[in-house]
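Single-letter residue listing:
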Amino acid sequence: MDNRDAVSAFLRSRRDKISPEQAGLPTYGQRRVPGLRRGEVAALAGVSVEYYTRLERGNLGGVSDSVLDALAQALRLGDTERMYLYDLARAAGPAPGTRARRREVRPTARTAVRPSVARIVEGMPELPAYVMNNRLDTLAANPLGRALYSEMYADPACGGNVARFAFLNAAARRFYADWERMARFAVGALRVEAGKNPYDRELSNLIGELSTRSDAFRVMWGSHDVHVFRDSTKRLRHPLVGDLELDQETMSLPDESGLSVVVYSAPPGTAAEDGLKLLSSWSAPTGQERDAESTSEPSARQP
């Protein structure tokens, strides 16, 4: 897969975001570009204008780590943007240094959730929790997690995918109190994954589907911003329990599966904690369901 277009658009978008004043450069007269000129970026990175022009045309194959570092510094890239630039360079072709030692992870269509990880998620009944892959598919969730995202799970067209829910289900704009912020984070996370695994067919299909069906996604995708889910505060409006302000923690599994465990919690003594307790009681299995579970596998419970 040729990633020249992605490389070119990313470098141009970062260059356009930096003013000469931010870069510590003098300005003279009227400028016809919103940010830095190519020659200014080249000077800041310590390379020739011709060489930087070749890079911005999408040719990152064989670029050294030192040049990438200088380019990242000149463009004032954050940690996630720097990682994305390295992923783009790695995908463009073999290179020396740390990029050559990184092992590429190409997830299968549906990475299996290990039983031990599923038990961890199920073992937190008072906290909404689920397992998510880098395409934002929720592969496993505990009852409270499914109750929290009940509108997503009720829509078969979402397929348990957070990005599909955010952009293709009208309920998401009410559910996420900060919908635009969450949507941009989702797009940025998919952009990072596209740079890391350009041969992931399911990811390409998802991006194509969202680009075709959602104008908002198409515009955000064109910004070339990148994001990695870590910790954050989510403001949600649940259809049953109302407003919830929850802390989100995302913990990547220490393997090459690309899976993460996402857990929501509420500070003690808050309205959000009361809301989760109410949602937990609503999502708890009934007596009939517990009896059905206890009789479905009798041999497993015999001493």
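It should be noted that the structure appears before, not after, this text.
Just so you know, these numbers come straight off a predicted model, no measurement behind them.

Definitions and cut-offs
Residues numbered from 1 in each chain as written. Predicted model: local features only at pLDDT ≥ 70, side-chain atom pairs only at ≥ 80, totals over all residues. Heavy atoms only, no water. Phe/Tyr/Trp six-rings, centres within 6.5 Å; stacked < 30°, edge-to-face > 60°. Helix = DSSP H or I, 4+ residues; strand = E, 2+ residues; numbered from the N terminus. Buried < 20%, exposed > 50% of the residue type's maximum accessible area, 1.4 Å probe, protein only. Lys NZ or Arg CZ within 6 Å of the ring centre and 35° of its normal. Core = buried A, V, L, I, M, F, W, Y, C linked by side-chain atoms within 4.5 Å. Contact = heavy atoms within 4.5 Å. Pairing = 2+ DSSP bridges. Axes fitted to C-alpha atoms, helices over the stretch in contact; angles between N-to-C directions. Parallel < 35°, antiparallel > 145°, perpendicular 65-115°, else oblique. Left-handed = near helix turned anticlockwise from the far one by under 90°. Nonpolar A, V, L, I, M, F, W, Y, C, P; charged D, E, K, R; others polar.

Draft legend 1. Expanded view of the packing of aromatic side chains. For the structure on display, the rule yields 12 aromatic pairs. Ring plane angle 45° and centroid distance 6.3 Å describe the contact between Tyr130 and Tyr264, whose orientation is recorded as tilted. Here Tyr130, found in strand S1 (residues 129–132), pairs with Tyr264, found in strand S5 (residues 260–265); they are 134 residues apart in sequence, far enough to count as distant. A residue is classified by how much of its surface remains accessible, and Tyr130, at 5% relative accessible area, is buried. Seen from their ring centres, Phe167 and Trp179 are 5.7 Å apart, and the 75° between their planes marks the pair as edge-to-face. With a gap of 12 residues between them, Phe167 in helix H10 (residues 162–168) and Trp179 in helix H12 (residues 179–196) connect regions that are remote in the sequence. For the residue pair Phe167 and Trp179, the accessibility class agrees, reading buried in each case. By way of ring pairs, the aromatic residues Tyr130, Tyr149, Phe165, Phe175, Tyr176 and Tyr264 are connected into one cluster. Here Arg173 stacks its cationic end above the ring of Trp179, 3.7 Å away from the centre of that ring. The ring of Trp221 carries Arg191 above its face, with NZ or CZ at 3.8 Å from the centroid.

Draft legend 2. Quick peek at the nonpolar core. Counting 43 residues, the largest nonpolar core has Leu136, Phe167, Tyr176, Leu190 and Leu246 as its most contacted members. The leading source of residues in this core is H12, at 7 residues. Setting aside residues up to four positions removed in sequence, Leu136 forms contacts with Gly160, Asn161, Val162, Ala163, Ala186, Ala189, Leu190 and Phe229.

Draft legend 3. Structural view of the pairing of strand S4 (residues 242–252). Strand direction decides the pairing type here: strand S3 (residues 232–238) and S4, joined by 7 bridges, are antiparallel. Note on S4: the bridge partner recorded for Thr233 is Asp247. The antiparallel hairpin formed by S3 and S4 contains 3 residues in its connecting segment. Where S4 meets S5, 6 bridges bridge the pair, whose relative direction is antiparallel. Residue pairing across strands places Met251 opposite Val261, the latter belonging to S5.

Draft legend 4. View of the pairing of strand S2 (residues 138–141). Where S1 lies against S2, 3 bridges are found, and the strand directions are antiparallel. Bridge assignment links Val131 to a residue of S2, and that residue is Ala140.

Draft legend 5. The packing of helix H1 (residues 4–16) against helix H5 (residues 79–92), seen in detail. Where H1 meets H5, the axes come as close as 10 Å, and the angle between the chain directions of the two elements is 150°. Classed by the angle they form, the pair H1 and H5 counts as roughly antiparallel. The hand of the H1/H5 crossing is left-handed. From H1, Ala6, Val7, Phe10, Leu11 and Arg14 reach across to H5, where they touch Glu81, Tyr84, Leu85 and Leu88. Its residues assigned to classes, the contact of H1 with H5 shows 7 nonpolar, no polar and 2 charged.

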